[in-house]
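Each chain is listed here by its residues.
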Amino acid sequence: MTTQTLSETMPKPTRFSVRNVLQNAGIGLALLALILFFSVFTEHFLTPNNITNILTQITINLVLAVGMTFVILIGGIDLSVGSVMAFAAVVAGKAITLPGFGPAEAIALAIVAATLTGVACGMINGVISAYWALPSFIITLGMLNIARGAALQVSDAQTIYSFPYAFEEFGSAMIYGVPVVFLVALFLVLVAWFVLNFTVFGRLLYGIGNNEEAVRLAGHSVYWYKVAAFTICGFTAGIAAIVYMARLNISSPIAGIGFELNAIAAVIIGGTSLSGGRGSVIGTLLGAFIIGVLANGLILIGLSDFMRQMITGVVIIVAVVLDYYRAKYTSK
Amino acid sequence: MKLLKIAAAAATGLALLAGTAQADDKPVVGLIMKSLANEFFQNMMAGAQAHEEKRGDYKLLAVGMQNETDFESQINAVENFITQGVDAIVVAPADSRAMVRPLKKAMEAGIVVVNFDVALDTEAKKQQNVELAFVGPDNRGGAKLAGDALGKKLGAGGKVVIIEGNPGADNANERRLGFEASVAEFELDLLDSRTAHWETEEANSVFSNMLTAHPDIQGVMAANDSMAIGVVKALESAGRDDIVVVGFDNIPAVGPMISDGRMLATVDQFGTDMAANSIDLALEVVKGGPQLEGWVKTPIELVTAN
């Protein structure tokens, strides 16, 4: 009986379903339309340098959005990722500037420090919201403040700088014009896609988003799966911190203010439902591209900052309304 | 035994009383700053605390805020200081209009008020019938120093862009006006002017896109050093070393960039000393000195490689 309920709540792997193709095709078309528009109306949009710029500029948001996808798929939200990124960057910045280490050891230390900080914060978010079944909105809002305060405390509100040269090299390295940091993000997308589609763990996350009770009745520990989703989100915040540091060669305790909202926007524009259970990380990739292309193209067109902000807002709302109709027609 | 205990307790109580009485002899100065998340105010607070220890003849109560726009907590802080009966309030207002009324209340309560860092709005002061001097740097003049350095380097017709601070913030506005004054004086060609909200990563992205739109940019004026760092990184990734960058604030992280030429100049407004100097001025008035008047300008200095 219970297994039957479970299989009903767990949709078939999205890769072959009509629904998924339609979903991503819609976002893909929107992205293509934007690219076409900016290519026609600006002279520099479709140049190799500008494409490299866009890839660099969306990397941090994409990394954060990959983790965010896991949390939103189980029907949660993580408002703390921007602050956690700053905290992880500051801890790693302290580690990388410790005296007495060679460049390689210092970089390794920084990567470990950033990742562990992110994982720890994510795990705390997950444990507290899952154990007491509390809304993750509030718990992660708490963590947003804790991590920001911790970042300021640890750094004494000072920008940390002068990292090893090799770290900077990594941040600006290219392979055929593609930034290496973007390839890191793309690798995360592929891993996430594989995990969400081809592992029991991934399918159960969709199941939890659709019908938590059914997954529980099937004998799975919902608690640990939830903790895992938030921990993954914290992990990607740690990775984002490393990208931030490598790209800018500083750690700033006020980095990443509002980044959580951009990451959520990428996930939602990408067609993942805020109530959980439906969506894909490929959509998130496209969503991050839409936000990045808009931010870049609207500056090239010469639109004022305020108009740019308004248009970004309109796009988010349009995406959600479109998603409503998409859900309505594809679920028939 | 019991008597001894009572005696001891009484003695402790007396000592405590004496302690507070002694502290009461010293004038109490309430210092209200903006966001302590900002390196500039963090350094300023450290400077003020060191100053308290060094002078030793006053008691400092310092408060900061959560963020730059949280002016409600500044108003609360003023009200708390009035209740506590401090002798002087030294304040860097988060909002140049909203703070006028609460500060008027403080002055009416006989507290010496010194306004530093950001000037209160002249109109609002007139409306509320408040006479209050301003102690602070000339943000516009400072930005003009940096802008002029860039103008001299590029000469007439030099193509420049401005990276602005938070739209609506008084110091962001003043610095932009200072840069624009340099643009006018040196007949520079201003291609674009955009905000990056004081932040490194945003400045990096925004400037990269401006550079794509205008590959012929020759100079960049950034309203603070955090954003200048983002610009410098963008230039490095674009492989451009022909573009001149100036910033503002002289934070430690730009030191190496100025000495190796990646930045032309920044402006130091000696934030560490600013609160301390204002406290000195306030204590003068508390001790019966004349009221402060007009604009007491604090030093600003152009910082270059030589």
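The text that follows walks through the structure, step by step, so that each part is easy to find. The model shown is predicted, which means the values in this text are computed figures rather than measured ones. (Residues numbered from 1 in each chain as written. Chains lettered and ligands numbered in written order. Predicted model: local features only at pLDDT ≥ 70, side-chain atom pairs only at ≥ 80, totals over all residues. Heavy atoms only, no water.)

Section: the overall build of chain B
Piece 1. Per the secondary structure count, chain B includes eleven helices and twelve strands.
Piece 2. On the principal axes, the C-alpha backbone points of chain B span a range of 85 × 50 × 35 Å.
Piece 3. Here chain B, with 306 residues, has 50% of them falling under the buried criterion.
Piece 4. For chain B, the share of sequence-separated contacts (at least 6 apart) that also reach a separation of at least 24 residues comes to 74%.
Piece 5. A total of about 13600 Å² of accessible surface is found on chain B, and carbon and sulfur atoms cover 51% of it.
Piece 6. Across chain B, the centroid of the 26 positively charged side chains sits 4 Å from that of the 43 negatively charged ones. (Helix = DSSP H or I, 4+ residues; strand = E, 2+ residues; numbered from the N terminus. Buried < 20%, exposed > 50% of the residue type's maximum accessible area, 1.4 Å probe, protein only. Contact = heavy atoms within 4.5 Å. Areas by Shrake-Rupley, 256 points an atom, 1.4 Å probe, with all protein chains shown as cover. Lys, Arg positive; Asp, Glu negative; His and termini not counted. Charge placed at Lys NZ, Arg CZ, Asp CG, Glu CD.)

Brief notes about the overall build of chain A
Piece 1. Looking only at helices and strands, one finds 13 helices and four strands in chain A.
Piece 2. Relative to a compact globule of 332 residues, whose C-alpha radius of gyration would be 20 Å, chain A shows 20 Å and is just as compact.
Piece 3. Seen through its C-alpha atoms, chain A measures out along the principal axes to roughly 60 × 50 × 35 Å.
Piece 4. Per-residue burial for chain A yields a buried fraction of 55% across its 332 residues.
Piece 5. For chain A, the exposed area adds up to about 14200 Å²; of that, 72% sits on carbon and sulfur atoms. (Rg over C-alpha atoms; globule rule 2.2 N^0.38 Å.)

Thoughts on the interface of chain A and chain B
Piece 1. Counting residues at the interface gives 31 residues for chain A, matched by 28 residues for chain B.
Piece 2. Considering only the surface of chain A that becomes buried against chain B, Tyr161, Leu248 and Ile299 of chain A emerge as the three largest contributors, covering 21% of it.
Piece 3. Here chain A is connected to chain B by three salt bridges.
Piece 4. In this structure, Arg247 of chain A engages Glu201 of chain B in a salt bridge whose closest nitrogen and oxygen atoms are separated by 3.0 Å.
Piece 5. At the boundary of chain A with chain B, the tally comes to 15 residue pairs in polar contact (both at pLDDT 80 or more).
Piece 6. Listing elements by their share of the side of chain A that touches chain B, those giving two or more residues are helix 3 (48–73), helix 10 (222–248), helix 12 (281–301) and helix 13 (305–330) of chain A.
Piece 7. Counted by class, the side of chain A that touches chain B contains 16 nonpolar, ten polar and five charged residues. (Buried area = accessible area lost by both parts, 1.4 Å probe. Salt bridge = Lys/Arg side-chain N within 4 Å of Asp/Glu carboxyl O. Polar contact = N/O pair within 3.5 Å; in protein donor to acceptor, adjacent residues only side chain to side chain. Nonpolar A, V, L, I, M, F, W, Y, C, P; charged D, E, K, R; others polar.)

Regarding the state of the cysteines
Residues and elements named next belong to chain A.
Piece 1. Per the counting criterion, the structure on display carries zero disulfides over all chains.
Piece 2. This cysteine, Cys121, is not joined by any disulfide, and Cys233 carries the nearest cysteine sulfur, 11 Å off.
Piece 3. With relative accessibility at 6%, the residue Cys121 sits in the buried group. (Disulfide = S-S within 2.5 Å.)

Quick word on the pattern of salt bridges
Piece 1. All told, the structure shown has 24 salt bridges over all chains when counted by the stated rule.
Piece 2. Residues Lys226 of chain A and Glu212 of chain A are paired through a salt bridge, measuring 3.3 Å at the closest nitrogen-oxygen approach. One end of the pair, Lys226 of chain A, is in helix 10; the other, Glu212 of chain A, is in helix 9 (residues 200–217), and 14 residues separate them in sequence.
Piece 3. Judged by relative accessible area, which is 16%, Lys226 of chain A ranks as buried.
Piece 4. Here Arg176 of chain B makes a salt bridge to Glu180 of chain B, at a shortest N to O gap of 3.1 Å. Of the two residues, Arg176 of chain B and Glu180 of chain B are both situated in helix 7 (residues 170–185); the distance of four residues between them amounts to about one turn of the helix.

Focus: the sheet that holds strand 5 (residues 134–136) of chain B
All names here are of chain B.
Piece 1. Spatially, the six strands line up as an open sheet ordered 2-1-3-4-5-11, and their pairing is parallel. The sheet is open, and its two borders are formed by strand 2 (59–65) and strand 11 (295–297), each paired with just one other strand. The average undirected angle you get between the axes of adjacent strands in this sheet is 20°.
Piece 2. Judged from the four bridges that link them, strand 3 (residues 88–91) and strand 4 (residues 112–116) form a sheet pairing that is parallel. Looking at strand 4, one finds that Ile89 is bridged to Val113.
Piece 3. Here helix 3 (residues 71–84) sits on the sheet and contacts strand 1 (28–35), strand 2 and strand 3; the angle it forms with strand 1, its principal contact strand, is near 175°.
Piece 4. In this fold helix 11 (residues 271–286) packs onto strand 1, strand 2, strand 3, strand 4, strand 5 and strand 11, with an angle of close to 155° to the strand it touches most, strand 4. (Pairing = 2+ DSSP bridges. Axes fitted to C-alpha atoms, helices over the stretch in contact; angles between N-to-C directions.)

A word on the packing of helix 5 (residues 103–131) of chain A against helix 6 (residues 136–155) of chain A
Residues and elements named next belong to chain A.
Piece 1. Contact pair helix 5 / helix 6: the axes reach a minimum separation of 9 Å and the direction vectors enclose 145°. Remark: the crossing between helix 5 and helix 6 carries right-handed chirality. Here helix 5 contributes Cys121, Ile124, Asn125, Ile128 and Ser129 to the contact with helix 6, which in turn contributes Ser136, Ile139, Thr140 and Met143.
Piece 2. Here the residues of the contact of helix 5 with helix 6 are counted per class, giving five nonpolar, four polar and no charged. (Left-handed = near helix turned anticlockwise from the far one by under 90°.)

Comments concerning the nonpolar core
Piece 1. Grouped together as the largest cluster of nonpolar side chains are 142 residues, with contacts concentrated most on Ile163, Phe207, Val220 and Met221 of chain B.
Piece 2. Here the element with the most residues in this core is helix 10 of chain A; it accounts for 15 residues.
Piece 3. Excluding residues that lie within four positions of it along the chain, Phe207 of chain B makes contacts with Val161, Ile163, Ile217, Val220, Val231, Ala234 and Leu235 of chain B.
Piece 4. Among the nonpolar cores identified, the runner-up in size contains 24 residues, and Met45, Ala48, Met274 and Ala282 of chain B belong to it. (Core = buried A, V, L, I, M, F, W, Y, C linked by side-chain atoms within 4.5 Å.)

Some points on the environment of Leu248 of chain A
Piece 1. By secondary structure assignment, the location of Leu248 of chain A is in helix 10.
Piece 2. Among the residues examined, Leu248 of chain A registers a relative accessible area of 1% and is labelled buried.
Piece 3. Measuring from C-alpha to C-alpha, the distance between Leu248 of chain A and Leu274 of chain A comes to 32 Å, with 26 residues separating the pair along the chain.
Piece 4. Apart from residues no more than four positions distant in its own chain, Leu248 of chain A is found in contact with Thr200, Glu201, Asn204, Ile229 and Lys233 of chain B.

Considerations on the packing of helix 8 (residues 200–213) of chain B against helix 9 (residues 225–238) of chain B
Residues and elements named next belong to chain B.
Piece 1. Between helix 8 and helix 9, whose axes approach to 7 Å, the crossing angle comes to 45°. On the basis of the axis angle, helix 8 is oblique to helix 9. In the crossing of helix 8 with helix 9, the sense of the turn from one axis to the other is right-handed. Listed contacts from helix 9 to Thr200, Ala203, Asn204, Phe207, Ser208 and Leu211 of helix 8 are Ser226, Met227, Ile229, Gly230, Val231, Lys233, Ala234, Leu235 and Ala238. (Parallel < 35°, antiparallel > 145°, perpendicular 65-115°, else oblique.)

Some thoughts on the pairing of strand 1 of chain B
Residues and elements named next belong to chain B.
Piece 1. Along strand 1, eight of the eight residues are buried, which leaves the element largely enclosed by surrounding structure.
Piece 2. In this region the chain leaves strand 1, passes through helix 2 (residues 39–55) and returns to the parallel neighbour strand 2; the handedness of that crossover is right-handed.
Piece 3. As defined by bridge partners, strand 1 adjoins strand 3 across four bridges and the pair is classed as parallel. For Leu31, the partnering residue across the bridge sits in strand 3 and is Val90. (Right-handed = clockwise from strand over helix to strand, strands pointing away.)

Considering unusual backbone geometry
Piece 1. Of note, Ala157 of chain A is a non-glycine position whose phi angle comes to about 60°, a positive value.
Piece 2. The exposure class assigned to Ala157 of chain A is buried, which follows from its relative accessible area of 2%.
Piece 3. The backbone of Asn129 of chain B shows a phi angle near 60°, a positive value even though the residue is not glycine.
Piece 4. You can see Asn129 of chain B is positioned in the loop between helix 5 (122–127) and strand 5.
Piece 5. Here Asn129 of chain B falls in the exposed class, since its relative accessible area comes to 67%.

Bear in mind that shape data such as this cannot, by itself, settle questions of function.
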